[in-house]
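Summary of structural features
If you want the building blocks of each chain, they are given just below.
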Amino acid sequence: MSASTNQNLRLHSGFFHPTLRKWQSRLTSPSLDSLIYPLFVTDSDTPLVEQIESLPGQKRYSVDVLVDLLRPLVEKGLKSVILFGVINRLTKTADALSADSDENPVVKVIPILRKSFPDLLICCDLCLCAYTSHGHCGIFSEDPNSNESYIDNQKSIDRITEVALKYAQSGAHVVAPSDMMDGRVGAIKQKLIVNGLGSRVAVMAYSAKFASSFYGPFRDAAKSAPSFGDRSTYQLPCTSAGLAMRALKRDVDEGADVIMIKPGMPYLDIVRSARDRFPDMPVAVYQVSGEYAMLMHAVNKGTFDLEKAVMESLIAFHRAGADIVISYFVPFLLDKL
Ligand SMILES: [Zn+2]
């Protein structure tokens with residue numbers, strides 16, 4: 001394999017943007033540079049701001065209202081967002097047809113955000129579950145012998161790489177595969193390289209993503225709960241630090257620019273191990289919906305002070321070794337940092 005297509009030898013994708021360069025600089029304490037704000041973008045064709053019941057204070061936004069929401073946050077120092085598409089109007093199919101259609105809300109909003117906020121680093125969550133009729137993160141095939149259906153790894157990554165390319169061509173700086181299929185990081189890197197985007201789009205891999213009860217509120221927010229079964233055959237068992245380390249290594253070996261651990265607080269040991277094992281890699285952690293909801297419910301009951309509790313959680317992530325924190329608390333933190 002030549003150097004031009006070997007994704008492990010490609011470094012430019014990890015520092016072509018000012019915020020990515022900050023991510024390469026060991027961020028050891030909470031700062032504006034280390035934060036990514038998750039946003040839910042809907043396909044509503046009328047202006048929509050919709051409260052998410054299970055995530056107090058968080059909302060879903062239609063494409064045309066997002067700029068107005070973000071402007072004051074960018075003025076306060078917001079450096080990065082991660083976009084999640086949510087569809088009601090578009091169709092969900094077995095092969096996630098709407099994930100990369102021109103009508104997809106993420107595909108539509110990326111160029112608008114690029115134009116409105118030229119310095120904002122735009123990350124896109126990359127998965128199929130918000131667009132599949134069955135709500136799973138991959139594509140199913142049927143075993144001809146048993147007639148049982150199973151997640152088809154190759155079909156899934158073929159589809160996920162197509163969606164990655166669409167987001168990249170729409171202007172995403174970072175694509176973040178969260179599906180947990182084997183081999184998708186390498187396949188995405190190759191797809192970007194052969195399409196001339198290898199040095200202009202970073203891959204932030206959800207590497208150690210555990211099958212966690214802490215995702216409950218997110219599935220409501222993104223309307224992505226599986227219609228049958230669960231994700232325990234592709235997300236990691238919470239008992240296995242070994243699998244987490246192998247998943248991290250797999251993604252590093254395939255050329256990931258950033259590795260991620262998810263959820264955050266219950267998995268700080270994994271964050272520490274990732275930092276020790278991969279000292280040269282930017283490490284991200286996702287303070288997930290259940291962590292956010294738990295803290296908010298406790299604060300709303302007067303159990304503890306919001307600012308102190310949130311800052312302590314951020315300090316814990318950085319102390320464990322994370323550089324980057326994805327958090328629903330970002331708007332609140334912009335006033336505090
Ligand atoms: Zn998914």
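In what follows, the structure referred to is the one given above.
In this report, we go over the structure that sits alongside the text. Please read these numbers as outputs of a predicted model, since none were measured by experiment.

Criteria and cut-off values
Residues numbered from 1 in each chain as written. Predicted model: local features only at pLDDT ≥ 70, side-chain atom pairs only at ≥ 80, totals over all residues. Heavy atoms only, no water. 1 Å grid on protein atoms, 1.4 Å probe; cavity = no way out; pocket = protein on both sides within 12 Å on 5 of 7 lines; lining within 4 Å. Points joined across faces, edges and corners; volume = space filled by probe spheres on them. Helix = DSSP H or I, 4+ residues; strand = E, 2+ residues; numbered from the N terminus. Nonpolar A, V, L, I, M, F, W, Y, C, P; charged D, E, K, R; others polar. Phe/Tyr/Trp six-rings, centres within 6.5 Å; stacked < 30°, edge-to-face > 60°. Buried < 20%, exposed > 50% of the residue type's maximum accessible area, 1.4 Å probe, protein only.

1. Some details on empty space enclosed by the protein
Inspection of every chain in the model, using the stated rule, returns one cavity of 30 Å³ or more. Its volume calculated, the largest cavity comes out at about 220 Å³. Lining the largest cavity are 22 residues, and of these Phe84, Asp125, Cys127, Cys129 and Phe218 lie nearest its centre. The set of elements that each furnish at least two residues to the lining of the largest cavity consists of β4 (80-86), β5 (121-126), β9 (202-209) and α6 (216-222). The residue makeup of the lining of the largest cavity, split by class, is 13 nonpolar, four polar and five charged.

2. Some remarks on the packing of aromatic side chains
Taken as a whole and judged by the stated rule, the model has eleven aromatic pairs. A centroid spacing of 6.3 Å and a plane angle of 5° characterise the contact between Phe40 and Tyr328, whose relative ring orientation is stacked. In this pair, Phe40 sits in strand β1 (residues 35-42) while Tyr328 sits in the loop between β12 (324-327) and α11 (330-334), placing the two residues 288 residues apart along the sequence. In this structure Phe40 comes out as buried when scored by relative accessible area, which is 1%. Ring geometry for Tyr206 versus Tyr286: centroids 6.3 Å apart, planes at 45°, classification tilted. Of this pair, Tyr206 sits in strand β9 while Tyr286 sits in strand β11 (residues 283-287), and the two are 80 residues apart along the sequence. Site record: aromatic cluster; members linked through ring pairs are Phe40, Phe84, Tyr206, Phe218, Tyr286, Tyr292, Tyr328 and Phe329.

Keep in mind that these numbers describe shape and distance, not what the molecule does.
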